[in-house]
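Architecture and fold: a report
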Amino acid sequence: MGSRSIAKTSEQVESCGKCPRLVKWREAVAAEKRAAFAGETYWGKAVPGFGDPDAWLMIIGLAPAAHGANRTGRMFTGDRSGEWLYGALYRADLSSAPRSVARDDGLDLTGVYVTSVVKCAPPANKPTPAERDECTRYLVDELAAISPSVVVALGKFAWDGLLRALSQAGSDLPSPRPRFAHLAEIELAGPRRGATLIGSFHPSQQNTFTGKLTSEMFDAVFARALAVGRGAGTQV
Ligand code: SF4
């Protein structure tokens with residue numbers, strides 16, 4: 001059930017062209033390339049989520065990076081943020097390898113699905129509210145197909161985006177809306193079952209270079225996710 005629905009959503013994402021500004025940008029970046037990747041063929045399309053269709057843990061970021069996932073075609077792959085994320089997942093025994101390099105590198109996630117609120121790389125990492133809202137439909141579909149018991153939101157944009165998607169899916173949300181913080185945790189009514197939302201600072205270079213997010217802090221997020229998942233009776 002999960003795999004069929006996710007495959008369908010992924011197909012829809014890959015062929016999506018609903019946001020003209022983002023289509024133009026992702027394709028221009030793919031044509032111009034960064035000098036270090038001049039010999040590569042960029043993906044240059046919207047990037048579908050990646051991982052286990054039967055995941056208990058969903059990880060949500062902001063959007064693909066111009067020379068990261070927009071180049072490789074896999075979420076959080078090809079940039080420093082991805083190195084942080086897959087490194088942490090490997091240390092938590094949730095990934096078959098510590099690095100995600102390319103769509104065909106054989107990396108396997110068990111019980112984990114990685115996606116983002118917006119599926120196309122935006123200029124300056126800033127999608128417009130209209131683009132964000134347009135793309136929320138795919139996050140709604142992913143949540144319905146996977147029905148995770150734990151969700152980790154990487155940054156405030158992802159936290160708010162998840163709450164928006166759940167609201168769109170008809171879930172009852174606490175009022176006022178819970179605020180994002182590192183290791184903030186709330187219980188939510190998901191589309192098919194309840195889920196625990198955990199906040200984490202995004203592993204962006206800005207956060208990791210400045211020490212706002214350390215690897216110990218990031219590991220604590222996934223240790224907490226595992227503890228919550230086990231508490232929910234999930235096979236983790
Ligand atoms: S951001 Fe989302 S809705 Fe907009 S073109 Fe990309 S995949 Fe489609």
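None of the values given here were measured: they were computed from a predicted structure.

Looking now at the overall build of the chain. When helices and strands are tallied, the chain shows eight helices and six strands. Listing the helices and strands of the chain from first to last along the sequence gives α-α-β-β-α-α-β-α-β-α-β-β-α-α. Taking 236 residues into account, the globule formula puts the C-alpha radius of gyration at 18 Å, and the chain, at 16 Å, falls close to it. Expressed as lengths along the three principal axes of its C-alpha atoms, the size of the chain is roughly 45 × 35 × 35 Å. Put simply, 67% of the contacts in the chain that link residues at least 6 apart link residues at least 24 apart.

Another point: the packing of helix α4 (residues 80-91) against helix α8 (residues 215-231). Between α4 and α8, the shortest axis-to-axis distance is 10 Å and the interhelical angle comes to 55 degrees. Between α4 and α8, the angle falls in the class oblique. The interaxial crossing formed by α4 with α8 has right-handed handedness. Between α4 and α8, the contacting residues are W84, A88, L89 and R91 on the first element and F218, D219 and F222 on the second. Classifying every residue of the contact of α4 with α8 gives five nonpolar, no polar and two charged.

It is worth spelling out the pairing of strand β4 (residues 150-154) at this point. Counted residue by residue, β4 has five buried out of five residues, so it is predominantly covered. Residues V150, V152 and L154 of β4 are buried on one face, and the alternating residues V151 and A153, pointing to the opposite face, are buried as well. Of the strand pairs in this sheet, strand β2 (residues 57-61) and β4 are connected by four bridges, and their pairing is parallel. Its bridge partner lying in β4, M58 is registered against V151. Looking at chain direction, β4 and strand β6 (residues 194-200) are connected through five bridges and run parallel. Bridge pairing in β6 links V152 to I198.

Taking 1.5 Å of rise per residue, the 18 residues of helix α5 (residues 129-146) would be expected to cover 26 Å, and the 25 Å separating its terminal C-alpha atoms lies within 8% of that figure. At C135, α5 shows its maximal kink, close to 30 degrees. All buried positions along α5 are accounted for by E131, R132, C135, Y138, L139, D141, E142, L143, A145 and I146. One or two steps after α5, the chain reaches S147, where phi turns positive at roughly 50 degrees.

The next thing to look at is the nonpolar core. Nonpolar side chains in soluble globular proteins tend to end up buried together. V152 and L162 are the most contacted members of the largest nonpolar core, which totals 64 residues. Discounting residues that sit within four places of it in the chain, L162 has contacts with I60, V151, A153 and L197.

Calculation criteria
- Residues numbered from 1 in each chain as written.
- Predicted model: local features only at pLDDT ≥ 70, side-chain atom pairs only at ≥ 80, totals over all residues.
- Helix = DSSP H or I, 4+ residues; strand = E, 2+ residues; numbered from the N terminus.
- Rg over C-alpha atoms; globule rule 2.2 N^0.38 Å.
- Contact = placed C-beta atoms within 7 Å.
- Axes fitted to C-alpha atoms, helices over the stretch in contact; angles between N-to-C directions.
- Parallel < 35°, antiparallel > 145°, perpendicular 65-115°, else oblique.
- Left-handed = near helix turned anticlockwise from the far one by under 90°.
- Nonpolar A, V, L, I, M, F, W, Y, C, P; charged D, E, K, R; others polar.
- Buried ≥ 20, exposed ≤ 12 C-beta atoms within 10 Å, placed from the backbone.
- Pairing = 2+ DSSP bridges.
- Expected span 1.5 Å × (residues − 1).
- Bend = angle between axes of the 7 residues up to and from the residue.
- Core = buried A, V, L, I, M, F, W, Y, C linked by C-beta atoms within 7 Å.

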